[in-house]
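# Chains, contacts and geometry: an overview
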Amino acid sequence: MQKKYYYPENLQAESLFARYWNWKDLLVIISLLVLGLLLFIFFHIWILFVVLFVYAFASAKFYDNYSISKLARLYIRFLITDILIFKWRR
């Protein structure tokens, strides 16, 4: 008797977490969560949860694989450091 294996159509699909965060960001988020829980339980310091929320929101990829922090960097770079060339027509 031969076994049959059924595979999905798209074997290159990304996982659910990889859709929003890469592994480096997930590692930072999980470590901030653990450290925040320890600080909150022992010292009642909750400010690290705010840092965690801001980092998780800023590093999440929303549109076309761009995160909020990457879009902010591109925007600041465009406004401040890039050379803007204006050409006028006569």
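Notes on the structure follow. (Residues numbered from 1 in each chain as written. Predicted model: local features only at pLDDT ≥ 70, side-chain atom pairs only at ≥ 80, totals over all residues. Heavy atoms only, no water.)

### Examining the layout of surface pockets
This is how the line gets drawn: Cavities and pockets are defined on a 1 Å grid built over the protein atoms alone: a cavity is a set of grid points where a 1.4 Å probe fits but cannot escape, while a pocket is an open set with protein on both sides within 12 Å along at least five of seven lines, and lining residues are those with an atom within 4 Å of any such point. Grid points are joined across faces, edges and corners, and a volume is the space filled by probe spheres set on the points. Here a strand is any run of E in DSSP of at least two residues, a helix any run of H or I of at least four, and the numbering for each starts at the N terminus. The nonpolar class holds Ala, Val, Leu, Ile, Met, Phe, Trp, Tyr, Cys and Pro. Asp, Glu, Lys and Arg form the charged class, and all remaining residues, Gly among them, are polar.
Considered as a void within the structure, the largest pocket measures approximately 200 Å³ in volume. Lining the largest pocket are Asn22, Lys24, Asp25, Tyr55, Ser59, Lys61, Asn65, Tyr66, Ser67, Ser69, Lys70 and Arg73. Counting residues per element, the ones that place at least two in the lining of the largest pocket are helix H2 (23-43), helix H3 (47-59), strand S2 (66-67) and helix H4 (68-81). The element contributing the most residues to the lining of the largest pocket is H4, with 3 residues. Here the lining of the largest pocket is composed, by residue class, of 2 nonpolar, 5 polar and 5 charged.

### Re the packing of aromatic side chains
What counts, and what does not: Any two of the Phe, Tyr and Trp rings considered here, Trp counted by its six-membered ring, make a pair once their centres fall within 6.5 Å; the pair's planes then place it as stacked at under 30 degrees, edge-to-face at over 60, or tilted in between. Between buried and exposed lies partly exposed: a residue is buried under 20% and exposed over 50% of the maximum accessible area for its type, with that area taken using a 1.4 Å probe on protein chains only.
Using the criterion set out here, one finds 3 aromatic pairs in the structure. Note on Phe40 and Phe49: the rings are 6.1 Å apart at their centroids and 65 degrees apart in plane angle, and the pair reads as edge-to-face. Of the residues examined, Phe49 reaches a relative accessible area of 25% and is grouped as partly exposed.

### Some points on H2
Convention followed: One less than the residue count of a helix, multiplied by 1.5 Å, gives the span that helix is expected to have. For this quantity, the arc is that covered by the directions from the helix axis to the C-beta atoms.
With 21 residues, H2 extends 29 Å from end C-alpha to end C-alpha; this agrees with the ideal 30 Å at 1.5 Å per step. Those residues of H2 lying buried are Asp25, Leu26, Ile29, Leu32 and Gly36. Along the axis of H2, the buried residues cluster in a sector spanning 130 degrees; they form a single face. Turned more than 90 degrees away from the buried face of H2, the exposed residues are Trp23, Lys24, Leu27, Ile30, Ile41 and Phe42.

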